[in-house]
Amino acid sequence: MTYTLKAAHLYGDLMNTYGDIGNILAMGYYAKAVDATIDTDLISLDDPFDPAKYDFVLFGGGQDYEQTIVSKDLQTKKAPLTAYIENGGPFLAICGGFQMLGHYYIGAQGEKIPGIGALDHYTLSQDNNRFIGNITIKNAETGQTYYGFENHNGTTFLGKGERPLGNVIQGHGNNGQDKTEGVIYKNTFGSYFHGPILARNEALAKRILKLALQRKYPDADFSVLDELHEDLTKNVVIKP
Ligand code: GLN
């Protein structure tokens, strides 16, 4: 392989709802089209996170119990994770992971689970309710439509410098009120979508992959990724 991306799967052993790791697998699938490979480290409790080492970070969803455990450890990684995000590092945070990048999440039992405040959103709790079901959103910048499945108690409200990943067409989204879903801040993408989101949404997978490749290899040309269409079997050679 000509190009190698180094990915960190944050707390992948504790927060990986609905196989969120599939997001890295989906990116790896498209990466083959440009002769790139993705090498993934699991970064969990007590493991250091070195922002200079990674080209992509995935932080998946989880249950409140696991989020409580992760929340404590996450504080020790607050500075390097914030530096990575501020530096334009490509990051995908799903559901619980999305919540934890913000200021806090009030769990279903009313407990306050601190995030790291790297992004300016906060998440409240619903009374005996969860948003569960299929969801469709439209991204304002690209006009692309994204499909997913949401299952969350938390209701998230975006803050300063944050724009939504999309506007809700069908489903609940961040809070069921303002029609926003997910977040984009610099090269960090957050969403409530499981599915996993990048396996179901090719355009977004390629967008984030291209960001990561271009950031690491600024002189290389990855435009072939834009030319790949639905019928990937014609364009992508899957090597064992
Ligand atoms: N526990 C969080 C909530 O219920 C996140 C859920 C998830 O990651 N699927 O809102």
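Not measured: the values here are computed from a predicted model.

A. How the structure looks around the overall build of the protein. Within the protein, the secondary structure is distributed over seven helices and 14 strands. For 240 residues, the compact-globule formula gives about 18 Å, and the C-alpha radius of gyration of the protein, at 17 Å, lands near that figure. By the burial criterion, 52% of the 240 residues in the protein qualify as buried. In the protein, 68% of the contacts between residues at least 6 apart in sequence involve partners at least 24 apart. Averaged over its 21 positive side-chain charges, the protein has a centre that lies 2 Å from the centre of its 28 negative ones.

B. How the structure looks around the sheet that holds strand β4 (residues 91-94). A sheet is described by the order of its strands in space; here six strands give the open sequence β2-β1-β3-β4-β14-β13, paired in mixed fashion. A strand with exactly one partner marks an edge of an open sheet, and here the two such strands are β2 (36-43) and β13 (183-185). Strand-to-strand twist in this sheet, taken as the mean axis angle between neighbours without regard to direction, amounts to 15°. This element, helix α1 (residues 22-31), spans β1 (3-10), β2, β3 (56-59) and β4 of the sheet and lies at about 160° to β2.

C. Quick peek at the environment of Q67. One can find Q67 in helix α2 (residues 64-76). Given the relative accessible area of 1%, Q67 is considered buried. Considered as a pair, Q67 and L165 are 98 residues apart in the sequence and their alpha carbons are 23 Å apart. Once you skip the residues sitting within four places of it in the chain, Q67 turns out to touch M15, G62, G96, Q99, M100, Y105 and I113.

D. Representation of the site of the ligand in the model. Taken together, the neighbourhood of the ligand is formed by 15 residues, with G62, D64, Q67, C95 and G154 sitting nearest. One nitrogen or oxygen atom from the main chain of G96 is found 3.0 Å from an oxygen atom belonging to the ligand. Separating an oxygen atom of the ligand from a side-chain N or O atom of Y105 is a distance of 3.4 Å. Contact with the protein chains covers 97% of the free accessible surface of the ligand, which is 290 Å². Where the shell around the ligand is concerned, the elements lending two or more residues are α2, α4 (96-101) and β9 (145-152).

E. Focus on the pattern of salt bridges. Under the counting rule described, the total for this entry stands at 10 salt bridges. We note a salt bridge from K6 to D39, for which the minimum N-O separation is 2.8 Å. Pair noted here: K6 is in strand β1 and D39 is in strand β2, with a separation of 33 residues, a long-range link. Residue K6 is classed as buried on the basis of its relative accessible area, which comes to 17%. The partner of K6 in a salt bridge is D41, with the nearest N and O atoms 3.2 Å apart. With K6 in strand β1 and D41 in strand β2, this pair connects stretches of sequence that are 35 residues apart. For the residue pair K6 and D41, the accessibility class agrees, reading buried in each case. A single network of salt bridges, built from pairs that share partners, joins K6, D39, D41 and K53.

F. Up close: the side chain of T188. Here T188 is to be found in strand β14 (residues 188-191). With a relative accessible area of 1%, T188 lands in the buried category. Every residue in contact with T188, bar those within four places of it in the chain, is listed here: I85, G89, F91, L101, L119 and V183.

About the thresholds
Residues numbered from 1 in each chain as written. Predicted model: local features only at pLDDT ≥ 70, side-chain atom pairs only at ≥ 80, totals over all residues. Heavy atoms only, no water. Helix = DSSP H or I, 4+ residues; strand = E, 2+ residues; numbered from the N terminus. Rg over C-alpha atoms; globule rule 2.2 N^0.38 Å. Buried < 20%, exposed > 50% of the residue type's maximum accessible area, 1.4 Å probe, protein only. Contact = heavy atoms within 4.5 Å. Lys, Arg positive; Asp, Glu negative; His and termini not counted. Charge placed at Lys NZ, Arg CZ, Asp CG, Glu CD. Pairing = 2+ DSSP bridges. Axes fitted to C-alpha atoms, helices over the stretch in contact; angles between N-to-C directions. Near = heavy atom within 4 Å. Polar contact = N/O pair within 3.5 Å; in protein donor to acceptor, adjacent residues only side chain to side chain. Areas by Shrake-Rupley, 256 points an atom, 1.4 Å probe, with all protein chains shown as cover. Salt bridge = Lys/Arg side-chain N within 4 Å of Asp/Glu carboxyl O.

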